[in-house]
Amino acid sequence: MSTQNIDKLSSNILSILPMLYVGWSDSVLSPSEMKIIHGKIQDIPFLTEEEKKYLIHWSDPQNPPSDREFRQWNNALKKAAKEFSENEKISLVKMGLEIADNNVGFKNGERAQANDALHDLHGALGLSAESEKLLLNRLFPNGRALADENSKFDTAILKEVLDAPYTETKDRVRKLLRDPHFALKPEFDKDKYRIRILDQLKALCEQGLAGYAFPKEYGGHDRQGDHIAVFEMLGYGDPSLAIKFGVQIGLFGGAVYMLGTEKHHKKYVEKLHKGELLGCFAMTETGHGSDVKGLETTATYDHGTKEIVIHSPEYSSGKEYIGNAMHCSMAAVFAQLIVDGENHGVHTVLVPVRDENGQVLKGVKIEDCGYKLGLNGVDNGRLWFDNVRVPAENLLNRYGNITEEGVYESQIANPSKRFFTMLGALVVGRICVGLLGINASKTALTIALKYAYKRKQFTAKNGEEVRIIDYPTHQKRLFPLLAKTYAYNFALRDLAEKYKHATEEETREIETLAAGLKAKATWQTTQTIQECREACGGKGYLFENRFATLKADTDIYTTFEGDNTVLMQLVAKGLLTEFKQSFHNDGYRAVIKYLYRKAKHDVYELNPIFGRNADAEHLLDPKFHFHAFNYRKRKTLHTLSERMQKYLKRGTDAFEAFLRVQNHTIDLANAFIDQVTLQSFYNHVDKIEDPATKKAMTTLVQVYALETIHDNKGWYLESDYMEGNKTKAIRRMLSKLYQDIKPHALSFVDAFAIPDELVAAPIALKDWS
């Protein structure tokens, strides 16, 4: 079809051109999108049959417009644009209506019909707000902004979404951390650095922030949710302070309160949260990290003296990497409890390690771990015990006790169940570490995005230098990380609330979720900080711009409070047994039983239409997102079951069979946590009442959903869940969504409300224009 007379095109065709122009310049239009568009064109009342054929020809994916046609479209639209007044704000739909109205006019009711038809076409194209803005900026030399009352949202509203229901507490911590006493400043002498962090810890205790986790009868506030919020907000400050606080209050304090009984609470809790009693959490050993059950340190009861003897039989029995080791006067030591020659498994005993003058006590050996990759404000050390005697009452005896007669007793008869119950009481630490990681990600994204909107690189044809955020590659680097950071933030906050209100029946589920979300969130932190550093180029490599310390201080998050890979195996085991208690009693054998009985019959039926459907409306539909995530989890469970059964039928030992499918279990854990995170994200978006905020957040959750699907496209293609045309359509849709995020990205990070004193990066705070 000829285009030689484009300058003489009818106003009807010109009314559609703005959207077709943006559609083709934005990306290659998929056949499924074109099918819808062709239908919409047929329904536009003011088009003649010849004009419809003309437009359908131009929207044929097999016959895209030539470069010459594209230039002619541009010239025609610029000519039409001159008809608008200089101060008039417009959109593509309005522009199309005005072009048609000014050229031929509308009869009664036709304008309303045309308005509806153009909006339908706009939706079918999946046009982004940013695409419209770019086009209008080219058409209008005065650079008028796109008319869209809902294009901006109030960051204060989103901040409340993020902070509620602990807004007051979080703002209090923000204000406190702005004080010069908590200033972020480099210190390369570890001993001076540690003293500064210790002083800051005591300042937090003096402010009462350490008391939220404990009951009022012990001088606390009895507000567990606020305690987690305090810990979370410390992630915006010096990570060394956050970890020091976590060791003193979360680990040592948590052990005393959660594993001890009233006598321990009365004697120690108030002192420890006021900073008067410094303690450490001595669990990990040189020879045993994740395998807590295999600890070598012994705690042998001597009935003659009614004492417990703490002993490290080998060098490998030494407590390794213990925070607060160089400052503390007491250690919560995890050891094998032996009573009357019988080993009752790992228990916790309070062991004094220094006297009132700070001198190490007899029988205790403490070594400094020295300089580390990061967190050098935390005094990590190693401890060994040479037959150190402590009173029997120092046994934290909530789950296991030694009577006056020297007999061991416990309300939980099964040693394995008792062990997991004891560790489960300390699960909040994993939730808090995940939140610390996410807040570090927020800081990195704030720095990188603020810089990206200021830094210009390379000159466009108009002679102006281009901001690096205007490059699609830069958007692809940062926007998915922004979406995932929001996603894990909501998932971890939901888990924190679940933990706060947990019943005994929910304990195992919370342990599983805490393990998985801690792992996924901290892996995400490491990736985010690295990508943000690279996105800032050489400026990001300067120490003053925070990435050096963010990278160094958070890298350990992936391996403390549990190695992430090991934690994901725990997720898979917990999921395979539906969190049933039998797993914790019988270990791998229970997993095998479950797989035989249940998994094979729990396959999610595949809906064939999803494999080919690449329509924009479908790709953005939450139903598709939930279906895809759920199918991946259930299909992975099914295939894992089949592999396990195959090995068992061959006579393979249960433990050996589990090792052979170990990598497969990680896939299952990933699929499960992705599904949980998606549900949490959508739940929070659904609760938002403000239309502008909800619209912006809907785009962000769509990016999270489609990015996760696209990240796993190999699995979906191998599983015949979708075809290649659909994965390509997802990639194109993501490019469009990035452009929708671009006008809001700074608002998304501003909603984190990180004070400038805590951003503390010149590239984010200075004007580079």
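Note that the coordinates shown come from a computational prediction; the quantities given were computed from them, not determined experimentally.

## Observations concerning unusual backbone geometry
Here the amide bond leading from Ala164 into Pro165 is cis, since omega sits at 0°, within 30 degrees of zero. Relative to the assigned elements, Pro165 resides in the loop between helix H8 (155-163) and helix H9 (167-177). Of note, Glu561 is a non-glycine position whose phi angle comes to about 60°, a positive value. One can find Glu561 in the loop between helix H19 (547-554) and helix H20 (564-576). One non-glycine residue, Ala760, lies in positive phi territory at about 50°. Structurally, Ala760 is set in the loop between helix H32 (756-759) and helix H33 (762-765). With relative accessibility at 24%, the residue Ala760 sits in the partly exposed group.

## Considering the environment of Ala521
Along the chain, Ala521 turns up in helix H17 (residues 507-535). Along the chain, Ala521 and Leu436 lie 85 residues apart, while their C-alpha atoms are 9.3 Å from each other. Excluding residues within four positions of it along the chain, Ala521 makes contact with Gly434, Ile438, Tyr488 and Leu492.

## What about the side chain of Thr522?
Tracing the backbone shows Thr522 in helix H17. The buried category is assigned to Thr522, whose relative accessible area is 0%. Within the structure, Thr522 has its side chain in polar contact with the backbone oxygen of Ala519 (distance 3.3 Å). Discounting residues that sit within four places of it in the chain, Thr522 has contacts with Val433, Gly434, Tyr557, Thr558 and Asn564.

## What to know about helix H16 (residues 472-500)
With 29 residues, H16 extends 42 Å from end C-alpha to end C-alpha; this agrees with the ideal 42 Å at 1.5 Å per step. Among the 29 residues that make up H16, 21 are buried, leaving the element largely enclosed by the rest of the structure.

## Describing the packing of aromatic side chains
Counted according to the given criterion, the structure contains 20 aromatic pairs. Relative to Phe245, the ring of Phe231 lies with its centre 6.1 Å away and its plane at 40°, an arrangement referred to as tilted. One end of the pair, Phe231, is in helix H11 (residues 224-234); the other, Phe245, is in helix H12 (residues 239-259), and 14 residues separate them in sequence. The pair Phe231 / Phe245 is uniform in exposure class, with both members buried. Taken together, Phe153, Tyr486, Phe490, Phe629, Phe681, Tyr704, Phe748 and Phe752 form an aromatic cluster joined through their ring pairs. The cationic tip of Lys646 hangs over the ring face of Tyr647; the distance from NZ or CZ to the ring centre is 5.3 Å.

## Quick notes on the packing of helix H27 (residues 662-687) against helix H28 (residues 691-711)
Running from N to C, H27 and H28 point in directions that differ by 170°, and their axes come no closer than 9 Å. Comparing their axes, H28 and H27 come out roughly antiparallel. Residues Asp674, Thr677, Leu678, Phe681, Tyr682, Val685 and Asp686 of H27 lie in contact with H28, whose contacting residues are Lys694, Met697, Thr698, Leu700, Val701, Gln702, Tyr704, Ala705 and Thr708. Of the residues in the contact of H27 with H28, the class split is 9 nonpolar, 4 polar and 3 charged.

## Focus on the confidence of the model for the protein
This prediction gives the protein a mean pLDDT of 86; 84% of its residues lie at or above 70. Across residues 141-151, confidence stays below pLDDT 50; counting only partners more than four residues off in sequence or on other chains, it has 22 contacts. Segment residues 579-584 is flagged for pLDDT under 50; beyond a separation of four residues in sequence, or across chains, it makes 18 contacts in the model.

What counts and how
- Residues numbered from 1 in each chain as written.
- Predicted model: local features only at pLDDT ≥ 70, side-chain atom pairs only at ≥ 80, totals over all residues.
- Heavy atoms only, no water.
- Helix = DSSP H or I, 4+ residues; strand = E, 2+ residues; numbered from the N terminus.
- Buried < 20%, exposed > 50% of the residue type's maximum accessible area, 1.4 Å probe, protein only.
- Contact = heavy atoms within 4.5 Å.
- Polar contact = N/O pair within 3.5 Å; in protein donor to acceptor, adjacent residues only side chain to side chain.
- Expected span 1.5 Å × (residues − 1).
- Phe/Tyr/Trp six-rings, centres within 6.5 Å; stacked < 30°, edge-to-face > 60°.
- Lys NZ or Arg CZ within 6 Å of the ring centre and 35° of its normal.
- Axes fitted to C-alpha atoms, helices over the stretch in contact; angles between N-to-C directions.
- Parallel < 35°, antiparallel > 145°, perpendicular 65-115°, else oblique.
- Nonpolar A, V, L, I, M, F, W, Y, C, P; charged D, E, K, R; others polar.
- pLDDT = per-residue confidence, 0-100.

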